[in-house]
Amino acid sequence: MRIFALCTVQSGSDLLRLIHDRLPLSGIIGLTDRSASDEVSGFVHMAPLAQSLDVPFIGVEDYSLNKESDRQRLAGLMPDLLLVCGWQRLIPAWLIDQCRVGAVGIHGSPNGISGGRGRSPQNWAIILGARRFSISLFFIDPGIDSGAVIASRDFPLGDDDTIVSSYVKATMATADMIAQALEEGLFDRGKATPQMGEVYYLPRRLPEDGAIDWNRSAKEIAGFVAALTRPYPGAFSAWEGARLNVWKARPIDVPRPEGARPGQVLLVCAGGAAIVATADGVLMLEDWELVPATLAGFLQEGFVLPSADFVSQMRQIIDRHRQRYPDLPLSPDILDAAKLR
């Protein structure tokens, strides 16, 4: 078969390197080289990978694949199978229709593919404290993650998981599914299973949705940080032109000083860690930065970091989703987090 991969982020790159000896690729389609941005979190230029795998690289300009020049560039490929891995946009119908066997996507949520269609499923899983994640290979159709399922795998999520480790787990589970599907001839629409049950969606997140609510528990804040760490824009507190980006944090088992306020800096350690009070305990910021860097000395004991309101933040996210997609019902987990059920 003529198998092409459509990929432009690190997780997809990792998957292709993991399965390259079992997946006879005819080429890799990816975005042309550009600087990393919030629009394409985790962007990787795929040309070097294609060169290392000795397959052609086909560069496209538009992430949504709506430019006529991109369409013309891809028109002659005529793939049998298109593996979409690490491409966080819907695939246009014209490209799906080109594929003789089909276009195959990867998606999941703690509630399976049907229970968590849409955006940022692994980020949401960690933010909301999910203990397991279910990921599926499926045939892409013009809908949103609605095609028939080829195979599925579950993996656990623990307190120490970050978005990076979650992606690694998903990548390894997906590699196993792809290998099995190739061996057992499962890339056949007749063998795929239509999705059943209730359908719910996860909403899009924006960089400004990463503001930290220090009035939450230390465990909840640590999960929020872990879900939004690099390659994403990060969890943060912002005030008067300054911004504290937090990339790694964990609760520590020490008493919170009497009278300490949520968000209050208790100690800035000589080794660089910052100790901050939360609603129920103490959080150690192990990796953080103050922007501009010239303000680094401003973070001192006694300073109270400004706090967002998590529930209000969730309701703003929900409002954005409902304004744009009024017919796509949100996951009950999202509504619960916003205290709307």
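Higher on the page you've got the structure.
Colleague: Is there a simple way to think about unusual backbone geometry in this case?
Modeller: For the bond running from arginine 230 to proline 231, omega is 15°, close enough to zero to count as cis. In this structure, proline 292 follows valine 291 across a cis peptide bond, with omega equal to 0°. With respect to the helices and strands, proline 292 occurs in the loop between strand E14 (282-291) and helix H8 (310-324). A positive phi angle, close to 60°, is found at aspartate 54, a residue other than glycine. Positionally, aspartate 54 belongs in the loop between helix H2 (47-52) and strand E3 (57-60).

Colleague: When you look at the pairing of strand E10 (residues 235-239) in this model, what are you seeing that I'm missing?
Modeller: By the criterion of burial, E10 is predominantly enclosed, with four of the five residues buried. Two elements, E10 and strand E11 (residues 242-252), share five bridges in a ladder whose sense is antiparallel. Among the inter-strand pairings, alanine 238 is bridged to a residue of E11, identified as arginine 243. The hairpin turn running from E10 into E11, its antiparallel successor, is two residues long, and glutamate 240 in that turn takes a positive phi close to 45°.

Colleague: Can you walk me through the sheet that holds strand E5 (residues 102-109) in this structure?
Modeller: Each strand in a sheet pairs with another by means of backbone hydrogen bonds, the pair being arranged parallel or else antiparallel. The strand order across the open sheet formed by seven strands is E3-E2-E1-E4-E5-E7-E8, and the pairing between neighbours is mixed. Strands at the two margins of the open sheet, each flanked by one partner only, are E3 and strand E8 (149-156). Strand after strand, the sheet turns through a mean of 20° between neighbouring axes, direction not considered. With four bridges joining them, strand E1 (residues 3-6) and strand E2 (residues 25-31) adopt parallel strand pairing. The residue of E2 that forms the bridge with isoleucine 3 is leucine 25.

Colleague: When you look at the environment of aspartate 209 in this model, what are you seeing that I'm missing?
Modeller: Summarising the element assignment, aspartate 209 is placed in the loop between strand E9 (201-202) and helix H7 (218-228). In the structure, aspartate 209 is positioned 132 residues away from leucine 77 in sequence and 39 Å away in space, judged by C-alpha atoms. Discounting residues that sit within four places of it in the chain, aspartate 209 has contacts with Arg204, Phe224, Gln313, Ile317 and Arg320. At 2.7 Å, the side chain of aspartate 209 and the backbone nitrogen of leucine 206 are in polar contact.

Colleague: Just to check I follow, could you spell out the packing of aromatic side chains for this structure?
Modeller: Between two aromatic rings, the relevant description is the distance of the centres plus the angle of the planes. Tallied over the entire structure, the rule returns five aromatic pairs. Measuring from centroid to centroid gives 5.2 Å for tryptophan 239 and phenylalanine 303, while their planes differ by 40°, and the two rings are tilted. Within this pair, whereas tryptophan 239 is found in strand E10, its partner phenylalanine 303 is found in the loop between E14 and H8, the two being separated by 64 residues in sequence. In this structure, arginine 189 packs its charged tip against the face of phenylalanine 139, placed 4.7 Å from the ring centre. Directly above the aromatic system of phenylalanine 310 lies the positively charged group of arginine 216, at a separation of 3.6 Å from the ring centroid.

Cut-off values and rules
- Residues numbered from 1 in each chain as written.
- Predicted model: local features only at pLDDT ≥ 70, side-chain atom pairs only at ≥ 80, totals over all residues.
- Heavy atoms only, no water.
- Helix = DSSP H or I, 4+ residues; strand = E, 2+ residues; numbered from the N terminus.
- Buried < 20%, exposed > 50% of the residue type's maximum accessible area, 1.4 Å probe, protein only.
- Pairing = 2+ DSSP bridges.
- Axes fitted to C-alpha atoms, helices over the stretch in contact; angles between N-to-C directions.
- Contact = heavy atoms within 4.5 Å.
- Polar contact = N/O pair within 3.5 Å; in protein donor to acceptor, adjacent residues only side chain to side chain.
- Phe/Tyr/Trp six-rings, centres within 6.5 Å; stacked < 30°, edge-to-face > 60°.
- Lys NZ or Arg CZ within 6 Å of the ring centre and 35° of its normal.

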